[in-house]
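Tertiary structure, described
Read off the chains here:
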Amino acid sequence: MEMAVSFRNSSLPPVTSPNPRPQLSKQFFGLRLSSSSSSSFLTSRTRITPLKLRSRNFALLRPIKCSVSQATTETSTGKKSQLMRRSDIRNIAIVAHVDHGKTTLVDAMLKQAKVFRDNQFVQERIMDSNDLERERGITILSKNTSITYKDTKINIIDTPGHSDFGGEVERILNMVEGVLLVVDSAEGPMPQTRFVLKKALEFGHAVVVVVNKIDRPSARPDDVINSTFELFIELNATDEQCDFQAVYASGIKGKAGLSPDNLAEDLGPLFESIIRCIPGPRIKKDGALQMLATNIEYDEHKGRIAIGRLHAGILQRGTEVRVCTSEDSCRFARVSELFVYEKFSRVPAESVEAGDICAVCGIEDIQIGETIADKVSGKPLPAIKVEEPTVKMAFSINTSPFVGREGKYVTSRNLRDRLNRELERNLAMRVEDGETADTFIVSGRGTLHITILIENMRREGYEFMVGPPKVINKKVDDKLMEPYEIATVEVPEEHMGAVVELLGRRRGQMIDMQGVGSEGTTLLKYKIPTRGLLGLRNAILTASRGTAILNTIFDSYGPVAGDIVTRDQGSLVAFEDGTTSSYALASSQERGQMFVGPGMEVYKGQIVGIHQRPGDLSLNVCKKKAATNVRSSNKDQSGKKQL
């Protein structure tokens, strides 16, 4: 169904855009707008209301029209006639901001594709298989799975939502031809939404926008779609990419539809949008073998497993291959085992054709970014590039008197080997030697990025010390530059003043402030130095009584903002070696927040709490009540006060 819409109101004054765009036409939800009318809409902030169809059945069966897949197909047949499309496979990545429902949506897709038996117990967020992921409720590592819909295999890659793990998203985009951009129906596009969309558009991928959590009471789907469309324009998307397909869904209920008011009883409209709007992989079937190792896993029996998409040729089990990093550095290896992804597991395969995602065993020293190529005429693919880290911390061996009590790996050799292993699969991380032989400088994309590494190493039995986080500065034209980030804070109006004051003290500059939803929530947008973000999350939670939500994403490098006081409280330090007593802690706890309880061993110089004032304070937390026969009203505190 086509509908012509014309605007004949001549009384409205013309609106001119400060940045005139070329005379291109935009098609958006069946409305074809010229560049002048579209710029008028965007400049005047007029919201475009999607067309709503009254008939429920007709809305569910409304045809899905995607100009992206058609344009991409034309390009592939015109400019690269030697390449062909595979129509039986779709490779997609699900990208979104944190907590917008990616993993929950994947759960619903797996269940409706009959991946599990009807009587099989399936836990929530099944793709979050890591213990740390389940405890924190976030996705840290990207993971592969696949489903089959109408004889078409759909390889799905679930990606992290935190900006600190953006390196996972950047390298995964090499494996896919399209992305599902999941956006919360109430929050709309957030900082990480912008980051992942920018990377997908740079790769030229097709995008299907999924407005998730459509059943929320504060859902505003029309505004969210318009905000997403404006984001496409800001990121210089092509006309074909701006003509994206929008799907409205409730991941937890397993429903989707092409209209926010008329959802089907299943995710059928979402599957149909994937098949029609995301093109199949473009391959060179008869060409020389080429496969880029995008991810690495380790198995105790099979060793290192390289995961990636086959770009050209056919890979067979037992094949002799060439492993290349560049034209000059290549080595030979043999593929011992070959796996493809079917449903929720890896299945052995004898051969894999170009376009499919597979796992390769037998190459012991394979690294992420290397190319598995034909032994005779294979050539390497372009290497994977990720953005540079912005925060660093010092890791060193434990030199305290209590060394070796809690961990079994305590030497610098153990620490070096573990950090080097982390570099093999964590492309966004860097490790350098420190000032001494026992110190290593670990750089990452943010404090959470390094915190996850510290927690994993602690659980694996490593014992070490860490220093405070510091930002990574760089010089441009002999001028010292520091990293800046865009911080967005959702905070209730009654706590907005305290949060604004806190961000101002951290050298933040307000970019935008607007009301969101009907709950009296305000969205603050700041450009702030990364130095000012260190320790800011806890301070904002304290200032807003736990109601604020802080999200950050790297923006750019800029001039040094000046001095920033990130700590207004000192530390409480143990005065001597010994065992803490309840008698001493009863008076010490008035000085601040204590980390230790009675009966714990401490050593001189150990931090035992947070001082309530600036500056450090030494405390004797080990003193005991004098055992004399003099009667005193000050009884032992162990029975009267609980710490």
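Residues numbered from 1 in each chain as written. Predicted model: local features only at pLDDT ≥ 70, side-chain atom pairs only at ≥ 80, totals over all residues. Heavy atoms only, no water.

- An unreviewed UniProt entry lists the protein under the name Tr-type G domain-containing protein, with Rubroshorea leprosula as the source organism.

Considering the pattern of salt bridges
- What the rule picks out here adds up to 24 salt bridges.
- A salt bridge links Glu272 to Lys150; its shortest N-O distance comes to 2.6 Å. You can see Glu272 sitting in helix H10 (residues 268-277) and its partner Lys150 sitting in the loop between strand E5 (143-149) and strand E6 (152-158), a full 122 residues away along the chain.
- Of the charged contacts, one joins Lys255 and Glu265 as a salt bridge, the two residues approaching to 3.8 Å between their closest N and O atoms. One end of the pair, Lys255, is in strand E10 (residues 255-257); the other, Glu265, is in the loop between E10 and H10, and 10 residues separate them in sequence.
- On the accessibility criterion, Lys255 (27% relative accessible area) is partly exposed.
- Judged by its relative accessible area of 60%, Glu265 is exposed. (Salt bridge = Lys/Arg side-chain N within 4 Å of Asp/Glu carboxyl O. Helix = DSSP H or I, 4+ residues; strand = E, 2+ residues; numbered from the N terminus. Buried < 20%, exposed > 50% of the residue type's maximum accessible area, 1.4 Å probe, protein only.)

Overview of the nonpolar core
- One finds Leu181, Leu197, Val207, Val209 and Phe232 to be the most contacted residues of the largest nonpolar core, which totals 42 residues.
- For this core, the element with the highest residue contribution is helix H8 (residues 221-234), accounting for six residues.
- With residues up to four places along the chain from it excluded, the contact list for Val207 reads Val179, Leu181, Leu197, Leu201, Phe232, Phe244 and Gln245.
- Judged by nonpolar contacts, the second largest core, of 28 residues, contains Ala113, Leu267, Phe271 and Ile274. (Core = buried A, V, L, I, M, F, W, Y, C linked by side-chain atoms within 4.5 Å. Contact = heavy atoms within 4.5 Å.)

Comments concerning the packing of aromatic side chains
- Within the structure shown, the criterion is met by six aromatic pairs.
- The side chain of Lys474 reaches across the aromatic face of Tyr557, ending 4.3 Å from its centre.
- Over the ring of Tyr484 we find Lys527, and its NZ or CZ is 5.5 Å from the ring centre. (Phe/Tyr/Trp six-rings, centres within 6.5 Å; stacked < 30°, edge-to-face > 60°. Lys NZ or Arg CZ within 6 Å of the ring centre and 35° of its normal.)

What to know about the sheet that holds strand E4 (residues 89-96)
- Sheet architecture is open: seven strands sit in the order E5-E6-E4-E7-E8-E9-E10, paired in mixed fashion. Edge positions in the sheet fall to E5 and E10, since each has one partner strand and no second. Within this sheet the neighbouring strands show an average axis-to-axis angle of 30°, counted without direction.
- In the sheet, strand E7 (residues 178-184) pairs with strand E8 (residues 206-212) via seven bridges, with the strands oriented parallel. (Pairing = 2+ DSSP bridges. Axes fitted to C-alpha atoms, helices over the stretch in contact; angles between N-to-C directions.)

Quick word on the environment of Thr228
- Counting through the fold element by element, Thr228 comes out in helix H8.
- Among the residues examined, Thr228 registers a relative accessible area of 0% and is labelled buried.
- Contact partners of Thr228, with chain neighbours within four places excluded, come to Leu181, Val183, Pro189 and Val209.

Description of the sheet that holds strand E33 (residues 571-574)
- Taken in spatial order, the four strands of this open sheet run E35-E37-E33-E38, and their pairing is mixed. Only two strands of the sheet have a single partner each, and these edge strands are strand E35 (592-594) and strand E38 (617-619). The sheet shows a mean angle of 30° between the axes of neighbouring strands, direction not considered.

Topic: unusual backbone geometry
- If you check the backbone angles, Asp151 has positive phi at about 65° while not being a glycine.
- Topologically, Asp151 is positioned in the loop between E5 and E6.
- Unusually for a residue other than glycine, Lys213 sits at a positive phi of about 60°.
- Assignment of secondary structure puts Lys213 in the loop between E8 and H8.

Points about the side chain of Arg304
- Relative to the elements of secondary structure, Arg304 occurs in strand E14 (residues 303-312).
- From its side chain, Arg304 meets the backbone oxygen of Glu364 in a polar contact 3.2 Å long.
- One polar contact links the side chain of Arg304 to the main-chain carbonyl oxygen of Ile366, over a distance of 2.6 Å.
- In contact with Arg304, other than residues within four places in its own chain, are Ile296, Glu297, Tyr298, Val360, Cys361, Gly362, Ile363, Glu364, Asp365, Ile366, Gln367 and Glu424. (Polar contact = N/O pair within 3.5 Å; in protein donor to acceptor, adjacent residues only side chain to side chain.)

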